[in-house]
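Listed below, chain by chain, are the residues.
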Amino acid sequence: MDGVPFLYHATPLHYLPHVGQSGALYAQSILAARNIAPRPTAARRDRMLGLADWVHLSLTPDTPLLRDKLRLGYPHALLVFEREAVLALPQVALLPYNTKAWRSRTACQPVTDPLEKAALLRRHLETGRFPSLEVLVQYGLDLTFLVQVAFATDEERALMAALLGALGLSFPAPLVTAPALFPGAEKYVSTTAEQIAAYFEACRAVGSLLPPPAIPFD
């Protein structure tokens, strides 16, 4: 998968079962109402930039966010979507700059006009301009166009598959081990594996998905 026909969203491994249960990705404003804590750093930026109502997706799996989290040893999964199908949705916008590149509120206004979106995306694909371009989906994105759920290691994929099976949950796309999609995967070593395994075991013990515990991920 070369990143051209797909869109990517990275989520902490211990949050992934909740995505499967809800059948959708939700913006930070929606998650906060459900008592699911967003990334503190991202939440602050999105509030200041007026982007808390948007789900962020990238055109490449190699993003500063995912590279940084794997460097810190925080397990993440990648949800991979059909690019053209998502871009055709009415509630989609483009953001010229990744919020970690932090410009200004003016520079981070979502582009919603269809002609402007098409021109911006074309410039990005043809010239490489706006290398941190993001795709935004307002409020939520269901899993209709999900292609696969990718994991950096087979151990993490198996751990997730076992939990989903035990709780009768599933994704409408396969779980795959795909380290090539994860930047720096060759050096990645989880620092929270035991905490995540303990959380999953607690969920299995009660037979339902418990609220996400305070496991570091940001």
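Whatever comes next refers back to the structure up there.
Note that the structure is a prediction, hence the values are computed from the model and not measured.

Describing the nonpolar core
Counting 42 residues, the largest nonpolar core has L16, L79, F81 and F171 as the members making the most contacts within it. Setting aside residues up to four positions removed in sequence, F81 forms contacts with P5, F6, L7, L25, L57, V86, L141, D142, L143, F145, L146 and V147. Among the nonpolar cores identified, the runner-up in size contains 14 residues, and L66, L78, A150 and A185 belong to it.

A few points about the packing of aromatic side chains
This structure, assessed with the given rule, holds two aromatic pairs. Arranged with centres 5.1 Å apart and planes meeting at 55°, the rings of Y15 and F217 form a pair that is tilted. With a gap of 202 residues between them, Y15 in the loop between β1 (6–12) and α1 (16–22) and F217 in the segment after α8 (193–206) connect regions that are remote in the sequence. Residue Y15 is classed as buried on the basis of its relative accessible area of 11%.

Describing helix α6 (residues 114–127)
Spanning 14 residues, α6 covers 20 Å between terminal C-alpha atoms, matching the ideal 20 Å at 1.5 Å per step. Turning to α6, its buried residues number three or more, namely K117, L120, L121 and H124. Seen end-on, α6 carries its buried residues on one side only, within an arc spanning 95°. Facing away from the buried side of α6 by over 90 degrees, the exposed positions are L115, E126 and T127. Buried residues in α6 make contact with α5 (83–87) and β5 (92–95). The opening residue of α6, the one whose side-chain oxygen lies 3.1 Å from the backbone nitrogen of L115, is D113.

Some remarks on the packing of helix α7 (residues 154–167) against α8
At a closest axis distance of 10 Å, the pairing of α7 and α8 adopts a crossing angle of 15°. Considering the angle they form, α7 stands roughly parallel to α8. Where α7 crosses over α8, the handedness of that crossing is left-handed. When α7 is examined against α8, the residues L159, M160, A162, L163, A166 and L167 are found in contact with a partner set consisting of I196, A197, F200, C203 and R204. Class assignment for the residues of the contact of α7 with α8 results in 10 nonpolar, no polar and one charged.

Basis of the calculations
Residues numbered from 1 in each chain as written. Predicted model: local features only at pLDDT ≥ 70, side-chain atom pairs only at ≥ 80, totals over all residues. Heavy atoms only, no water. Core = buried A, V, L, I, M, F, W, Y, C linked by side-chain atoms within 4.5 Å. Buried < 20%, exposed > 50% of the residue type's maximum accessible area, 1.4 Å probe, protein only. Contact = heavy atoms within 4.5 Å. Phe/Tyr/Trp six-rings, centres within 6.5 Å; stacked < 30°, edge-to-face > 60°. Helix = DSSP H or I, 4+ residues; strand = E, 2+ residues; numbered from the N terminus. Expected span 1.5 Å × (residues − 1). Arc of directions from axis to C-beta. Polar contact = N/O pair within 3.5 Å; in protein donor to acceptor, adjacent residues only side chain to side chain. Axes fitted to C-alpha atoms, helices over the stretch in contact; angles between N-to-C directions. Parallel < 35°, antiparallel > 145°, perpendicular 65-115°, else oblique. Left-handed = near helix turned anticlockwise from the far one by under 90°. Nonpolar A, V, L, I, M, F, W, Y, C, P; charged D, E, K, R; others polar.

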